[in-house]
Amino acid sequence: MSSSVELQDLYLNTLKGNAAIMALVAGIYDRVPKNPYGKKTAYISFGADDNTENDAECITCREITSQLDVWSIEPGKTECKTIVDLVRRALHRQPLALTENALVDIWVTLVRVLPDPDGLTTHGVVQVTAMVEEPT
């Protein structure tokens, strides 16, 4: 399995396994459905990914930066900020593991909450960088 796909699965499973996050969001989507909110006021989606080679002698390593987007239609920024903070805590420097590749380190490099141009939605951004060693 590709290291970036395995990493996305790790994020998905980690966040879905977090009861506090799932109490607030309708779902976590790679492809956002027509009604992503369901009966709740927030959801999470996968955003952009960037990969950088970070090889060392005899080691194939990639630095993978992924964006997780939080969307909230709850008035104000409080709900979005709460979810963003929960996502950060669930991933930043946590002892997570991959199956086919080796997760060397994982850290949240950016957290941002901003109003969406529609004037009603709050958009949260969580940028996560992971160092992944791939088998040769």
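So, here's what we can say about the structure.

Rules used in this analysis
- Residues numbered from 1 in each chain as written.
- Predicted model: local features only at pLDDT ≥ 70, side-chain atom pairs only at ≥ 80, totals over all residues.
- Heavy atoms only, no water.
- Pairing = 2+ DSSP bridges.
- Helix = DSSP H or I, 4+ residues; strand = E, 2+ residues; numbered from the N terminus.
- Contact = heavy atoms within 4.5 Å.
- Axes fitted to C-alpha atoms, helices over the stretch in contact; angles between N-to-C directions.
- Buried < 20%, exposed > 50% of the residue type's maximum accessible area, 1.4 Å probe, protein only.
- Core = buried A, V, L, I, M, F, W, Y, C linked by side-chain atoms within 4.5 Å.
- Left-handed = near helix turned anticlockwise from the far one by under 90°.
- Nonpolar A, V, L, I, M, F, W, Y, C, P; charged D, E, K, R; others polar.
- Polar contact = N/O pair within 3.5 Å; in protein donor to acceptor, adjacent residues only side chain to side chain.

1. Here's the deal with the sheet that holds strand β2 (residues 42-53)
Where strands meet in a sheet, backbone hydrogen bonds hold them as pairs that are either parallel or antiparallel.
Link 1 in the chain: The sheet built from five strands is open, its strands ordered β1-β2-β3-β5-β4 with mixed pairing. The sheet terminates laterally at β1 (28-29) and β4 (102-115), the two strands that pair on one side only.
Link 2 in the chain: When strand β3 (residues 60-72) meets strand β5 (residues 122-134), the two strands line up antiparallel, connected through 13 bridges. When the sheet's bridge partners are listed, Ser72 is paired in β5 with Thr122.
Link 3 in the chain: Against the sheet, helix α1 (residues 3-16) touches β1, β2, β3, β4 and β5, its axis set at about 40° to β3.

2. Some thoughts on the pairing of β3
Link 1 in the chain: For β3, the buried fraction is high: ten of the 13 residues fall into the buried class.
Link 2 in the chain: As paired strands, β2 and β3 are joined by ten bridges and run antiparallel to one another. Bridge pairing links Ile44 to Val70 in β3.

3. Digging into the nonpolar core
Link 1 in the chain: Leu7 and Val87 are the most contacted members of the largest nonpolar core, which totals 28 residues.
Link 2 in the chain: Mapped onto this core, the elements with two or more residues apiece are α1, β2, β3, α3 (78-91), β4 and β5.
Link 3 in the chain: Per-element accounting of this core gives the leading share, seven residues, to α3.
Link 4 in the chain: Look past the residues within four positions of Val87 in its chain and what remains in contact with it is Leu15, Ile21, Ile44, Leu68 and Val126.

4. A short note on the packing of α1 against α3
Link 1 in the chain: Packing of α1 against α3 leaves a shortest axis separation of 10 Å and a crossing angle of 115°. Crossing hand, α1 versus α3: right-handed. Within the contact between the two elements, α1 uses Tyr11, Thr14 and Leu15 and α3 uses Val87, Ala90 and Leu91.
Link 2 in the chain: Residue composition of the contact of α1 with α3, by class: five nonpolar, one polar and no charged.

5. Structural notes on the environment of His92
Link 1 in the chain: By secondary structure assignment, the location of His92 is in the loop between α3 and β4.
Link 2 in the chain: When its relative accessible area of 29% is taken as the criterion, His92 is described as partly exposed.
Link 3 in the chain: The sequence separation of His92 and Trp107 amounts to 15 residues, and the corresponding C-alpha distance is 4.4 Å.
Link 4 in the chain: Ignoring anything within four residues of it in the chain, the contact list for His92 reads Ile106, Trp107 and Val108.
Link 5 in the chain: In terms of polar contacts, His92 uses its side chain to reach the backbone amide nitrogen of Val108, at 2.8 Å.

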